[in-house]
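Structural features, examined
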Amino acid sequence: MTDASHSIHPTPGAVDLHCHTTASDGFLAPAALIALASAQQMRTIAITDHDTIDGLPEAIAAGQGLGVEIVSGVEISSNTGGTEIHLLGYFVDPSSTTLIDHLRWCIDSRIQRVERICERLTNAGLPLTVDEVLSVAGSGSVGRPHVAQAMIARGYIETIGEGFARYLGRGKPGFVQRENVAPGKAVGIIRESGGAAVLAHPYATSAALQLLPELIDAGLAGLEAWYGEYDTHTRQRLAELASSLDLIATGGSDFHGVGFKEGRALGSVPVGHDVVDQLRLAAGAPAHS
Ligand code: AMP
Ligand code: ZN
Ligand code: FE
Ligand code: FE
């Protein structure tokens with residue numbers, strides 16, 4: 001059987017393998033994200049929230065209702081030598097105790113970091129309480145974008161971007177490095193939970209590509225070549241690198257919300273459905289019927 005979307009130059013818009021919801025720092029609830037995907041006539045969405053899979057049940061239910069295929073994903077943060085590396089996990093088993101234990105640990109470490117960020121900001125003359133930040137995050141995985149939103153509510157800054165640039169980014173007065181697992185360990189967690197591990201936005205730090213041999217040893221399956229913010233040349237170079245290393249070249253917009261950032265619109269990245277099939281195979285999940 002031929003698959004119309006299986007091609008070297010896939011049709012943009014049908015598949016997006018990197019999407020955040022309100023379960024982490026996205027602006028749309030899982031059902032609203034899937035409704036948008038359906039309105040755009042998309043076929044497949046991977047939910048890849050930061051250090052949580054809590055958005056999956058709502059997304060899967062919405063996907064069943066609207067005919068959008070949902071890939072169970074997660075974006076796990078890891079640290080190496082003072083920089084942060086993100087690993088995407090696809091087709092993870094939400095009932096995996098390895099995964100659940102790790103994500104539970106992340107909740108605590110994220111809250112502890114927010115406590116320290118609030119302390120630092122308060123000491124710098126910008127009083128902010130943990131409760132203000134947690135109420136922005138709601139029941140979701142709390143992160144710096146929520147701190148920035150709480151700072152906007154206080155009138156300290158006008159945009160989330162300004163919050164990162166002035167206070168929350170590395171080296172800024174409110175920056176606190178979160179305790180995290182090592183990148184190879186993050187790949188191991190994804191593998192142990194039945195998923196396929198992919199290096200997210202490989203140019204986010206210069207350290208990421210240098211780690212490839214170690215990550216491949218740990219069981220890495222792919223590289224995010226078609227990333228929302230990368231130009232065509234960069235995407236092509238990453239796709240060639242993936243191919244030379246026998247890795248799957250994946251793609252996703254890193255959608256956080258409508259109008260969040262240029263290049264990050266839902267479905268803005270050309271990924272074929274064949275990539276979904278390759279990831280499913282790599283994850284060891286049963287073949288697509
Ligand atoms: P955290 O997970 O708390 O370390 O926050 C990092 C997340 O914040 C990233 O994964 C992005 O989703 C988001 N982020 C990073 N930099 C910016 C920025 N300049 N403006 C808005 N969001 C950002
Ligand atoms: Zn995010
Ligand atoms: Fe990321
Ligand atoms: Fe992301």
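Structure first, text after, so check above.
All values derive from a computational prediction rather than experimental measurement.

1. Observations regarding the packing of helix H1 (residues 30-39) against helix H2 (residues 56-66)
For the pair H1 and H2, interaxial distance at closest approach is 8 Å and the crossing angle is 30°. Classified by the angle their axes make, H1 and H2 are roughly parallel. The handedness of the crossing between H1 and H2 is right-handed. Contact residues: Pro-30, Ala-31, Ile-34, Ala-35 and Ser-38 in H1; Glu-58, Ala-59, Ala-62, Gly-63 and Leu-66 in H2. Looking at side-chain class alone, the contact of H1 with H2 contains seven nonpolar, two polar and one charged residues.

2. Considerations on the layout of surface pockets
Put simply, the largest pocket is a space of about 990 Å³. Within the residue set of the lining of the largest pocket, elements represented by two or more residues are strand S3 (69-80), strand S4 (83-90), helix H3 (97-123), helix H5 (144-154) and helix H6 (160-168). Looking at the lining of the largest pocket residue by residue, the classes come out as nine nonpolar, 10 polar and 12 charged.

3. Quick word on the coordination of the iron ion (ligand 4)
Looking at the metal site, the iron ion (ligand 4) is ligated by His-18 (NE2), His-20 (NE2), Glu-75 (OE) and Asp-254 (OD), spaced 2.0 to 2.3 Å from it. Around the iron ion (ligand 4) sit four donor atoms, and with donor-metal-donor angles ranging over 78 to 164° the site reads as irregular. Read N to C, the donor residues that coordinate the iron ion (ligand 4) are spaced as H-x1-H-x54-E-x178-D. Separating the iron ion (ligand 4) from the zinc ion (ligand 2) is a gap of 4.6 Å. One end of the pair, His-18, is in strand S1 (residues 15-19); the other, Asp-254, is in the loop between strand S7 (248-252) and helix H11 (273-283), and 236 residues separate them in sequence.

4. Section: the pattern of salt bridges
Summed over all chains, the structure comprises nine salt bridges. Here Arg-154 makes a salt bridge to Glu-132, at a shortest N to O gap of 2.9 Å. Of the two residues, Arg-154 is situated in helix H5 and Glu-132 in helix H4 (residues 130-137); the sequence distance between them amounts to 22 residues. Residues Asp-254 and Arg-264 are paired through a salt bridge, measuring 3.3 Å at the closest nitrogen-oxygen approach. Here the residue Asp-254 occupies a position in the loop between S7 and H11, and Arg-264 occupies one in the loop between S7 and H11, the gap between them amounting to 10 residues. Judged by relative accessible area, Asp-254 falls into the buried class, the value being 4%. Within the structure, one salt-bridge network assembled from shared partners comprises Glu-229, Asp-254, Lys-261 and Arg-264.

5. Focus: the coordination of the iron ion (ligand 3)
Donor atoms from the polypeptide that bind the iron ion (ligand 3) are Glu-75 (OE), His-86 (ND1) and His-201 (NE2), placed at 2.0 to 2.2 Å. In primary-sequence terms, the residues that donate to the iron ion (ligand 3) follow E-x10-H-x114-H. The buried category is assigned to His-86, whose relative accessible area is 14%.

6. A look at the sheet that holds S1
Within the open sheet, the seven strands sit side by side as S1-S2-S3-S4-S5-S6-S7. Their pairing is mixed. Across the chains shown, the open sheet's two edge strands, defined by having one partner strand only, are S1 and S7. Mean inter-strand twist for the sheet, computed between neighbouring axes without regard to direction, equals 35°. When S4 meets strand S5 (residues 196-199), the two strands line up antiparallel, connected through four bridges. The residue bridging Tyr-90 from the neighbouring strand is Ala-196, located in S5. Docked against the sheet, helix H10 (residues 232-244) engages strand S6 (222-227) and S7, running at close to 165° with respect to S6.

7. Remarks on the side chain of Asp-49
Within the fold, Asp-49 resides in the loop between strand S2 (44-47) and H2. The contacts of Asp-49, once residues within four sequence positions are left out, are Cys-19, His-20, Thr-21, Ala-23, Ser-24, Val-74 and Glu-75.

What counts, and at which threshold
Going along each chain's sequence as written, the residues are numbered from 1 onward. Whichever chain is written first is A, and whichever ligand is written first is 1; the rest continue in order. Only residues with pLDDT of at least 70 get local features here, since the model is predicted, and only at 80 or more are side-chain atom pairs given and counted; chain-wide, interface and lining totals rely on the full set of residues. Calculated side-chain values reflect all of the structure's heavy atoms, with hydrogen atoms and water omitted. The convention used is that axes are lines fitted to C-alpha atoms, helices contributing only their stretch in contact, and that angles between N-to-C directions extend from 0 to 180 degrees. Each helix corresponds to a stretch of at least 4 residues labelled H or I by DSSP, and each strand to a stretch of at least 2 residues labelled E; elements are numbered beginning at the N terminus. Reported orientations rely on four angle classes, namely roughly parallel under 35 degrees, roughly antiparallel over 145, roughly perpendicular from 65 to 115, and oblique for the rest. Note on convention: the crossing is left-handed when the near helix lies turned anticlockwise from the far helix by less than a right angle, right-handed when the turn is clockwise. Here, two residues are considered to be in contact whenever any of their heavy atoms come within 4.5 Å of each other. Nonpolar residues are Ala, Val, Leu, Ile, Met, Phe, Trp, Tyr, Cys and Pro. Charged residues are Asp, Glu, Lys and Arg, and all others, Gly as well, are polar. Cavity: a set of points on a 1 Å grid over the protein atoms alone where a 1.4 Å probe fits but cannot get out. Pocket: an open set with protein on both sides within 12 Å along at least five of seven lines, its lining residues, like those of a cavity, having an atom within 4 Å of a point. Grid points are joined across faces, edges and corners, and a volume is the space filled by probe spheres set on the points. The rule for donors is simple: N, O or S, within 2.8 Å of the metal, or within 3.2 Å if the metal is Na, K or Ca. Water isn't counted, so a site may look like it is missing partners. By the criteria applied here, four donors are tetrahedral when all angles lie between 85 and 135 degrees, four are square planar and six octahedral when opposite donors are over 155 degrees apart and every other angle lies between 65 and 115, and any other arrangement is irregular. One side-chain nitrogen of Lys or Arg within 4 Å of one carboxyl oxygen of Asp or Glu is enough to make a salt bridge. Working definition: with a 1.4 Å probe on protein chains only, accessible area under 20% of the residue-type maximum means buried, over 50% means exposed, and in between means partly exposed. Pairing between strands is defined by DSSP: at least two bridges between them are needed.

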